[in-house]
Each structure stands twice: as C-alpha cells, then as structure tokens.
Amino acid sequence: MVRVGSTYVVVITTLLLVHVHCLPVDEFDVHSVPLANGAKSGVRMPIVGIGTGGYGPPGETWDDSVAEKAVAEFLSLGGRRIDTSLSYGDQRGIARAVKASKLPRESIFITSKVGGGPPGYNETLQQMDDILEQFGSPYVDLLLIHWPGPRNSSDPECNKGSTESEKARSCRQATWRAMETILQSGKAKAIGVSNFAQNHLQDIIDMNSTLPAVNQVEFQLYWHEFEFVAFCQLHNITFNGYSPLGAADWAPIIHNWPGHNTTMQEPLVQQIAKVHNKSPAQIILRWQWEFGIVVNPRTKSSEHMKENLDIFDFTLSDVEFQQMTVISPPKNPKVTPDPHKYP
C-alpha cells in the first residue's frame, strides 16, 4: 500500500498487512506484524496493544491494582499486547493479570523498558533482571530504551567525550551494547528504542551492528513526523505510536486545546466515523495503521478496548486519509516531552 501526502511519501509494504492466527488454544484472531533487525526469528508484534502508563487527569495515578484489572479485561477481549515499563510501577499487577488469564505465556506479547534515559551497560543488565523478577517470567517479548536522555548513568562510557553530544552518544551506544547482550541471552525476544529522534537512531546505526526492531514514539492526529516514519520503515524498524488518541483524558486540559476538545472531537473525524459506522477512536487508529504504525492506546474502559481491537474490517478512502493527514493542530499539540531536546 502506498499513501501519498502533499509533501511526503510513506510506503507500507504488503509484508506488514498480514492477518495471522494466534496459537490454536486461543479463540481470538490476532493481527500482527513481523519484527526485523534486533528480533529473534519469527517474532510477531500484535498491531493493537494496551498502554499502561500515566493514566488519568492530574493527581491520579495508575497503580498495579488498576493495571491488573485493565489488563485482565483486555486479555479477556482478545487483546494480546501489553506495553509497560519498569518505571511505571505496575508490572507486578500486570503479571497477576497474565497469570490469572491462564493463557500460555507465549501467546501474550509484553513490552517493557529500561531507563529514564540510557542507563549504561551494567545498569541496563540489572534493570532487565528486575523486570523479569517482577513479571516472574524468563523473558519479555520486547525491551526498549525508554528515552534517549537525560544522561544520568554512572557508567564511564556515559561520560566519554569532550562535549555533551559526544557523551550522550557514547552512553546510548553503551546501553545498546547491553541490549544486544540481553537479546543474545534470550531474556528479550526483540530489542528497540523509545522516543528516539533520527539523530539518536543514527547513533545506533553508526555502530554497524544490530538495528532496533522497534521505535516507540508519540504519534497522534495533532503530532506526527511523517518523514521520520518513512526513515524508520526504510530501515525495517517498526514504528510504534503511543498516545495515538492524544491522551484524551488529560492532554486537552494540560495543553489548553481550544474548548478542551480531543482529537476524537474533530468534526472531520466524527464525519468519517458516521460514514463507516465506527467510533472516532477507531477512525484515528485505522488512519495510523494505514501508515503501517502499530498502536497502544491507553484505556480502562471495556467498551473502548473492544473498539480499539476492531479496526481491521474497513479501509479509509484516499480522500478521507489525506483529509485527516492535513488537519490543523492546536497550539501545543505534543502530549509528551519533545525528545529532540536531548543531544
């Protein structure tokens, strides 16, 4: 599939558009994509997952008991990918939900992350062991470096160089070497990065070694870097969009979007939703998938989970797709901090 915008071209190979069945014991069909680069042979990543970080308006926290309940419901509805992080503090609750589901561990795709910023070589290995201890599992399916900065590790490699940029580059590369060690050990079936801009990815590419299987970056109707998506795809790096619905529970308030409206309240999105008899959220998630982007929307609502998983029985027209692509964003469109600030 090729989608052409006014100033960019993004190619989504037919290899991505694959509908596969999960294990025979699983009653649900799971749409997934194959991972390349830093991934073991045959690893597939479900297209729709559930995010578990930072739920709710200011002042609310999403602890492991809330995570346990949400993940249990998601799994019962056929969801098979869970996105978390050591820093979220919810992995033990997620582990309880996975165990209670009685699904085979290999039928569930779990993503976790090390850092803050790059932890350096030894600390990355230690954090990996902490993650596995909390999950009570010998492996995670995907391990990511959470952010490209700040550089706050005691690893000597993280202070190597005469400039801040050189030190940051050295730290990312030391951390990536630890990620490669983890992949080789079998403690992660795939490795990748999160919130890495193109210059951060270039640090990994310049190592002439294993490339990330995945880059998880904010991508939503008001914030999207189309050329960067194409860059990742040209390097066979699966682009994983987080906050795909624009963190509707708090971002419009925090960033003072006009009328505190959400991406799902855009008139064009609502109009297209009526045409396809879908919800606005389904239209936005489908729009992202037609770029070849896998998504992990956050929700505690069973109804919303069902909708998020049901985006594979319709296609946007070329006109609808391009109209959505050029929607004008509000002031302060980005939900999370901008990784470009890190050298």
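All of these numbers come straight from a predicted model, not from anything done at the bench.

**Some words on the side chain of Gln-288**
Counting through the fold element by element, Gln-288 comes out in helix α9 (residues 280–289). Once residues within four sequence positions are removed from consideration, Gln-288 is found in contact with Phe-219, Gln-220, Pro-244, Ile-293 and Val-295.

**As for the packing of aromatic side chains**
Using the criterion set out here, one finds 10 aromatic pairs in the structure. Aromatic pair Phe-219 and Phe-291: ring centres 5.9 Å apart, planes at 65°, arrangement edge-to-face. Taken as a pair, Phe-219 in the loop between β11 (214–218) and α6 (226–234) and Phe-291 in the loop between α9 and β13 (294–295) lie far apart in primary sequence, 72 residues in all. Each member of the pair, Phe-219 as well as Phe-291, is classed as buried. With a centroid separation of 6.1 Å and 85° between ring planes, the pair formed by Phe-228 and Phe-239 is classed as edge-to-face.

**Things to note about the packing of helix α8 (residues 267–276) against α9**
It is at 8 Å that the axes of α8 and α9 come closest, and there the two elements cross at 95°. Classified by the angle between their axes, α8 and α9 sit roughly perpendicular to one another. Contacts between α8 and α9 involve Val-269, Gln-270, Ile-272, Ala-273 and His-276 on the former and, on the latter, Pro-280, Ile-283 and Ile-284. Here the residues of the contact of α8 with α9 sort into 6 nonpolar, 2 polar and no charged.

**Notes on the environment of Pro-212**
Summarising the element assignment, Pro-212 is placed in the loop between α5 (198–205) and β11. The class for Pro-212 is buried, based on a relative accessible area of 0%. For the pair Pro-212 and Ala-36, spaced 176 residues apart in the sequence, the C-alpha separation amounts to 8.2 Å. Setting aside residues up to four positions removed in sequence, Pro-212 forms contacts with Asn-37, Gly-38, Trp-176, Ile-191, Gly-192, Val-193, Leu-201, Ile-204 and Ile-237.

**A short note on the confidence of the model for the chain**
As a note on interpretation, predicted positions should not be read in detail where pLDDT is low. Of the residues in the chain, 89% have a pLDDT of 70 or more, and the chain-wide mean is 89. pLDDT under 50 marks residues 4–26. Its contacts with residues more than four places away, or in other chains, come to 52 contacts.

**Thoughts on the pattern of salt bridges**
Enumeration over the complete set of coordinates arrives at 16 salt bridges. Across the salt bridge formed by Lys-113 and Asp-83, the nearest N and O atoms sit 2.7 Å from each other. Placement of the pair is Lys-113 in strand β8 (residues 109–114) and Asp-83 in strand β7 (residues 81–83), with a sequence separation of 30 residues. Residue Lys-113 is classed as buried on the basis of its relative accessible area, which comes to 0%. On the accessibility criterion, Asp-83 (2% relative accessible area) is buried. With its nearest N and O atoms 3.3 Å apart, the salt bridge here joins Asp-206 to Arg-169. Of this pair, Asp-206 sits in the loop between α5 and β11 while Arg-169 sits in helix α4 (residues 164–185), and the two are 37 residues apart along the sequence.

**So, helix α1 (residues 64–76)**
Helix length check: α1 (13 residues) gives 18 Å between terminal C-alpha atoms against 18 Å at 1.5 Å per residue, within 8%. Along α1, the positions that sit buried rather than exposed are Ala-67, Ala-70, Val-71, Phe-74 and Leu-75. What you see down the axis of α1 is that its buried residues fit within an arc of 135°, all on one side. Buried residues along α1 sit against β6 (50–51), β7, α2 (91–101) and α10 (302–309). Once α1 finishes, Gly-78 follows within two positions and takes phi at roughly 105°, a positive value.

**Focus: the packing of α5 against α6**
Packing of α5 against α6 leaves a shortest axis separation of 11 Å and a crossing angle of 15°. Between α5 and α6, the angle is such that the two are roughly parallel. Viewed along their axes, α5 and α6 form a crossing whose handedness is left-handed. Contact with α5, carried on its side by Gln-198, Leu-201, Gln-202 and Ile-205, involves Phe-228, Phe-231 and Cys-232 of α6 and no other residues of that element. A breakdown of the residues in the contact of α5 with α6 according to their chemical character gives 5 nonpolar, 2 polar and no charged.

Rules and cut-offs
Residues numbered from 1 in each chain as written. Predicted model: local features only at pLDDT ≥ 70, side-chain atom pairs only at ≥ 80, totals over all residues. Heavy atoms only, no water. Helix = DSSP H or I, 4+ residues; strand = E, 2+ residues; numbered from the N terminus. Contact = heavy atoms within 4.5 Å. Phe/Tyr/Trp six-rings, centres within 6.5 Å; stacked < 30°, edge-to-face > 60°. Buried < 20%, exposed > 50% of the residue type's maximum accessible area, 1.4 Å probe, protein only. Axes fitted to C-alpha atoms, helices over the stretch in contact; angles between N-to-C directions. Parallel < 35°, antiparallel > 145°, perpendicular 65-115°, else oblique. Nonpolar A, V, L, I, M, F, W, Y, C, P; charged D, E, K, R; others polar. pLDDT = per-residue confidence, 0-100. Salt bridge = Lys/Arg side-chain N within 4 Å of Asp/Glu carboxyl O. Expected span 1.5 Å × (residues − 1). Arc of directions from axis to C-beta. Left-handed = near helix turned anticlockwise from the far one by under 90°.

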